[in-house]
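Summary of structural features
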Amino acid sequence: MTADLDSEAVVERLRDGMAHGVLSFPLTSFHEDGSLDLDGFRTHVAAQIAAGPGAVFPACGTGEFFSLDEDEYREVVTATVAVTAGRVPVVAGIGYGWAQAARFARIAEEAGADALLVLPHYLVAAPQEGLVAQVEQIAARTRLPLIVYQRGQVAFSVESLKRLTRVPGVIGLKDGHSDLDRLQRLTLSAPEGFLFFNGAATAEIQARAYAAVGVPAYSSAVHAFAPEIADAFFAAHRDGDDAAMDRLLRDFYIPFVELRDRHTGYAVSLVKAAARLRGRPVGPVRAPLTDPSPTDLADLEKLLATGLALVPASVGAVL
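First, a word on scope: everything that follows refers to the structure included in this document. (Residues numbered from 1 in each chain as written. Predicted model: local features only at pLDDT ≥ 70, side-chain atom pairs only at ≥ 80, totals over all residues. Heavy atoms only, no water.)

1. Comments concerning the overall build of the protein
Scanning the protein for helices and strands turns up 12 helices and 8 strands. Computed over the C-alpha atoms, the radius of gyration of the protein is 18 Å, within 12% of the 20 Å expected from 2.2 N^0.38 for a compact globule of 319 residues. Taken along its principal axes, the extent of the C-alpha atoms in the protein is 50 × 45 × 35 Å. Surface exposure of the protein reaches about 12800 Å², of which carbon and sulfur atoms provide 53%. One finds the centroid of the 28 positive side-chain charges in the protein at a distance of 2 Å from the centroid of its 39 negative side-chain charges. (Helix = DSSP H or I, 4+ residues; strand = E, 2+ residues; numbered from the N terminus. Rg over C-alpha atoms; globule rule 2.2 N^0.38 Å. Areas by Shrake-Rupley, 256 points an atom, 1.4 Å probe, with all protein chains shown as cover. Lys, Arg positive; Asp, Glu negative; His and termini not counted. Charge placed at Lys NZ, Arg CZ, Asp CG, Glu CD.)

As structure tokens, then:
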């Protein structure tokens, strides 16, 4: 089976969404005993959608894809599709080796997802030929369009990207390396209409730099707990308001990154802790991640208050 859904329609919906909002990566809600909390997850996704993102990406890195079994994955993607109700595209995460990724792809297709984000494969380093073959094998087994994610051990060369753009169903690349020299070469080598996304950790920090090489769209982990702040930065970035961006970066985003970098795994667990501080029903992280220490949690609470105070009261009022 090869990719044969209307990829062009998905691309246009994503392109339109990217022009109007950040890309939302919802957290996966768990009970205190670690079991999946679907009611809490539905509530969280509904709040995310109400904030007007460009698209929603369930069961990806921020959503702890790596800790979900197939049944839980099905429930998470199905719930996202139901809550979203067609208002924005739903792009589900898939990963591991191509055989397992294809299983997740079938589940996402059955659940009604619009497209897939191919997360970096598991554990091993691989040559360029293998990186391309991994995507080709997945694309041959799903009808859904694919966005490939280069991060960690996955980094595509210009020649590899050219090959990927010829694979039926491959519609875009999300970059998490922040190598702007390489990224500029990639964007200039891709055909017109191919999508690029800024997937750097706390992407707002590098949003201006990415936009300068032709990649204005970005995912926002902050949107998962403070869409008011994320939307304020997006508006300032869209409007070229450097003073507003500098203020948000200096007083919130950079201190948030410094706090995030205190411990391994905080890229997810700190985001989830911030969501709990906002009253979001997301629960704890699953092992091997750990929740923030009391000291870090107290610092996070102060920083969150600072960030929210920077945002006009009208922003995110729906929440």
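2. Description of helix α1 (residues 7-20)
The terminal C-alpha atoms of α1 lie 20 Å apart, and with 14 residues this matches the ideal 20 Å at 1.5 Å per residue to within 8%. By the burial criterion, the buried members of α1 are S7, V10, V11, L14, G17 and M18. One side of α1 holds all its buried residues, which, seen down the axis, span an arc of 130 degrees. Exposed and facing more than 90 degrees away from the buried side of α1 are E8 and H20. (Expected span 1.5 Å × (residues − 1). Buried < 20%, exposed > 50% of the residue type's maximum accessible area, 1.4 Å probe, protein only. Arc of directions from axis to C-beta.)

3. Brief notes about helix α2 (residues 38-50)
If you check α2, its first and last C-alpha atoms are 18 Å apart, about what 13 residues at 1.5 Å a residue would give, namely 18 Å. Of all the residues in α2, the buried ones are L38, G40, F41, H44, V45, A47, Q48 and I49. Looking at the buried positions of α2, the neighbouring elements they touch are β1 (23-24), β2 (55-56) and α3 (70-84). Looking one or two places after α2, you find G52, whose phi comes out positive at around 80 degrees. (Contact = heavy atoms within 4.5 Å.)

4. Re the packing of aromatic side chains
Tallying each qualifying case throughout the model produces 13 aromatic pairs. Centroid distance F25 to F57: 4.5 Å. Interplanar angle 15 degrees. Geometry classified as stacked. A residue pair is termed long-range when its members are at least 10 positions apart, and F25 in the loop between β1 and α2 and F57 in the loop between β2 and α3 qualify at 32 residues. Of the two residues, F25 and F57, both sit in the buried class. Look at F65 and Y73: their rings are 5.9 Å apart centre to centre, the planes differ by 80 degrees, and that puts the pair in the edge-to-face class. Each member of the pair, F65 as well as Y73, is classed as buried. Counting every residue linked through ring pairs, the aromatic cluster contains Y218, F225, F233, F234, F252, Y253 and F256. (Phe/Tyr/Trp six-rings, centres within 6.5 Å; stacked < 30°, edge-to-face > 60°.)

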